[in-house]
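# Coordinate analysis (summary)
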Amino acid sequence: MALELVMVGTGSPLPDASRAGPSQLVGVDGRWFLFDAGRGCLMRLAATGVGPAQIESLFLTHLHSDHVTDVNDVITTRWITGFPGSPLPVVGPAGTQRFVEDTLRMLEPDIGWRVAHHDDLVTGPEVPVTETTGVEGEVVLDDGVRIIATPTDHRPVHPTVAYRVEADGCSVVLAGDTVPCGGLDLLCAGADVYVQTVVRDDVIRNIPLQRLRDVLDYHSSVADAARTATRAGVGTLVLNHCVPTPGPDPDGPNGRNEWLAMAAEHFDGEILLPDDLDRIGVGT
Ligand SMILES: [Zn+2]
Ligand SMILES: [Zn+2]
């Protein structure tokens, strides 16, 4: 059994032509689970060869706009390109039910037109929602693939969760946006791969824009993520959703190698800063 992580979108709220919004696919033996659905998610999915109809469930780390902008696209495109009666289960923190209901309400005119036009579409999209309980280590799926949710700390955005996917003794943690916290350490313990939203505090502190500096409050710095990786004893640290966007020259200022070197000061394992569509084998 092979567990694979596909970096669908590696971007942040800052628009970037080469980085779609935050979104990751985890594949286990032909089963596909999508984590967050940021800007351009379906365009990138088209390049992976995994269509919206193949997604078994959508998991949301939190309802910040950059992580959910394209949930409506996933819902609609799955509905209009799939067979009737293919519900899209969504798992997320408290508030997800209302978010999905509001999304379907926003789509109401479109749903009405399509149902009126296509004889085989008799109902709108079915999107059953399960909200996580907020209890650490909650098992939200356990049928050969085990998915565990744990609350994280991205306050004032609340509640937020991270997920750990386990299959055949391999594990990957999708941490989303969070500062270091005890629950995250536990979730990451011994994981093969740990994906973390990171910001360059050293760069952002020197930019005279308070709105940008505000993001330092609720994100892990590169050093924070590396220290979490070390405490938890993970195999590979994946720097993701980087703010500011790494520069185009890997060896230049703010280039990929600078980010990797900063993390390496605090973590001895493998460190990656992937591009969109990069595939990362988990436990292989
Ligand atoms: Zn966020
Ligand atoms: Zn974010």
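This section reports on the structure supplied with the text. Owing to the predicted nature of the structure, the values given are computational and were not obtained by experimental measurement. (Residues numbered from 1 in each chain as written. Chains lettered and ligands numbered in written order. Predicted model: local features only at pLDDT ≥ 70, side-chain atom pairs only at ≥ 80, totals over all residues.)

Right, let's talk about the overall build of the protein for a bit. Each helix and strand counted, the protein has 10 helices and 15 strands in total. Here the C-alpha radius of gyration of the protein, 19 Å, is about what a compact globule of 284 residues would show, namely 19 Å. Principal-axis analysis of the C-alpha atoms places the extent of the protein at approximately 60 × 45 × 35 Å. For the protein, the residues scored as buried account for 44% of the 284 residues in total. (Helix = DSSP H or I, 4+ residues; strand = E, 2+ residues; numbered from the N terminus. Rg over C-alpha atoms; globule rule 2.2 N^0.38 Å. Buried ≥ 20, exposed ≤ 12 C-beta atoms within 10 Å, placed from the backbone.)

To continue, consider the environment of S171. Within the element layout of this structure, S171 appears in strand β10 (residues 170-174). What makes S171 buried here is the crowd of 24 C-beta atoms within 10 Å. Residues S171 and R146 lie 25 residues apart in sequence; the distance between their C-alpha atoms is 9.3 Å. Not counting residues up to four positions away in its chain, the partners in contact with S171 are R164, V165, E166, A191 and D192. (Contact = placed C-beta atoms within 7 Å.)

Attention now goes to the nonpolar core. Counting 70 residues, the largest nonpolar core has Y163, V172, V173, Y194, L237, L239 and A263 as its most contacted members. When residues no more than four places from it in sequence are discounted, the contact partners of Y194 are V173, A175, C188, A229, A232, V234, L237 and V238. (Core = buried A, V, L, I, M, F, W, Y, C linked by C-beta atoms within 7 Å.)

A few words now on the sheet that holds strand β6 (residues 129-131). Pairing is mixed in the open sheet, where 7 strands are placed in the order β6-β5-β4-β3-β2-β1-β15. Both edges of this open sheet fall to β6 and β15 (279-282), since each of them pairs with a single strand only. Across this sheet, the average inter-strand angle for adjacent strands is 20 degrees, counted without regard to direction. When strand β3 (residues 31-35) meets strand β4 (residues 55-59), the two strands line up parallel, connected through 4 bridges. Bridge pairing links F33 to S57 in β4. Packed on one face of the sheet, helix α1 (residues 41-48) meets β1 (3-9) and β2 (23-28) and runs near 135 degrees to β1. (Pairing = 2+ DSSP bridges. Axes fitted to C-alpha atoms, helices over the stretch in contact; angles between N-to-C directions.)

In terms of burial, strand β9 (residues 161-167) is a largely internal element, 7 of the 7 residues being buried. Strand direction decides the pairing type here: strand β8 (residues 146-151) and β9, joined by 6 bridges, are antiparallel. Directly across from R146, in β9, lies its bridge partner E166. Pairing geometry for β9 and β10, over 5 bridges, is antiparallel. Residue pairing across strands places V165 opposite V172, the latter belonging to β10. A loop of 2 residues connects β9 with β10, the two strands running antiparallel in sequence, and D168 in this loop sits at a positive phi of about 55 degrees.

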